[in-house]
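Spelled out, the chains give:
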Amino acid sequence: MQQIGLRTLKYFIIKKIYGKTLEFDLAWENFNNEFFIRDLDLQEEIVGKIHSISDVEERKRAEVATKFLEYADNQKGEVAFELAYQLKDSQTEMSLIIPGYIEEAIKWVSLK
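Let us look at the structure shown here.

Parameters at a glance
- Residues numbered from 1 in each chain as written.
- Predicted model: local features only at pLDDT ≥ 70, side-chain atom pairs only at ≥ 80, totals over all residues.
- Heavy atoms only, no water.
- Core = buried A, V, L, I, M, F, W, Y, C linked by side-chain atoms within 4.5 Å.
- Buried < 20%, exposed > 50% of the residue type's maximum accessible area, 1.4 Å probe, protein only.
- Helix = DSSP H or I, 4+ residues; strand = E, 2+ residues; numbered from the N terminus.
- Contact = heavy atoms within 4.5 Å.
- Salt bridge = Lys/Arg side-chain N within 4 Å of Asp/Glu carboxyl O.

Glancing now at the nonpolar core. One finds A27, F35, F36, F68 and L83 to be the most contacted residues of the largest nonpolar core, which totals 17 residues. Counting residues per element, the ones that place at least two in this core are α1 (22-29), α3 (56-72) and α4 (76-88). Sequence-distant contacts of F36, defined by excluding residues within four places in its chain, comprise L26, A27, N30, V64, F68, L83, M94 and L96.

Following this line, the structure appears as structure tokens:
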């Protein structure tokens, strides 16, 4: 986290090497959540990189997050509305783990 000026501007960044985008990070954190699991084919090169990850859980997270990122590409608004609907729907009972850097940013803004 960097602070510039008199606490009027802060930016928050992911501290892990795997971070890509908000969509990727949400899917990484919520890799067991059905909403983020998509049945897509990935390029062989990407599949090879995912399969080279030795830790089983990290490999699963990488696969789910990469497929979700592919799914969300060029339809981020629609995906955001779909996620909002799932979270609001009382019959779904969906919980969501927020990436740490997003949580930190929300807390910082809400204290202003």
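Here we come to the pattern of salt bridges. Using the criterion set out here, one finds six salt bridges in the structure. Two residues, K49 and E45, come together in a salt bridge whose shortest N-O distance is 3.6 Å. Placement of the pair is K49 and E45 together in helix α2 (residues 44-51), with a separation of four residues, close to one helical turn. Here R61 ties to E57 by a salt bridge, and the two come within 2.9 Å at their closest N and O atoms. Taken together, the residues R61 and E57, both in helix α3 and four residues apart, mark about one turn of the helix. A residue is classified by how much of its surface remains accessible, and R61, at 14% relative accessible area, is buried. The partly exposed category is assigned to E57, whose relative accessible area is 42%.

By themselves, these are just geometric observations and shouldn't be taken as functional.
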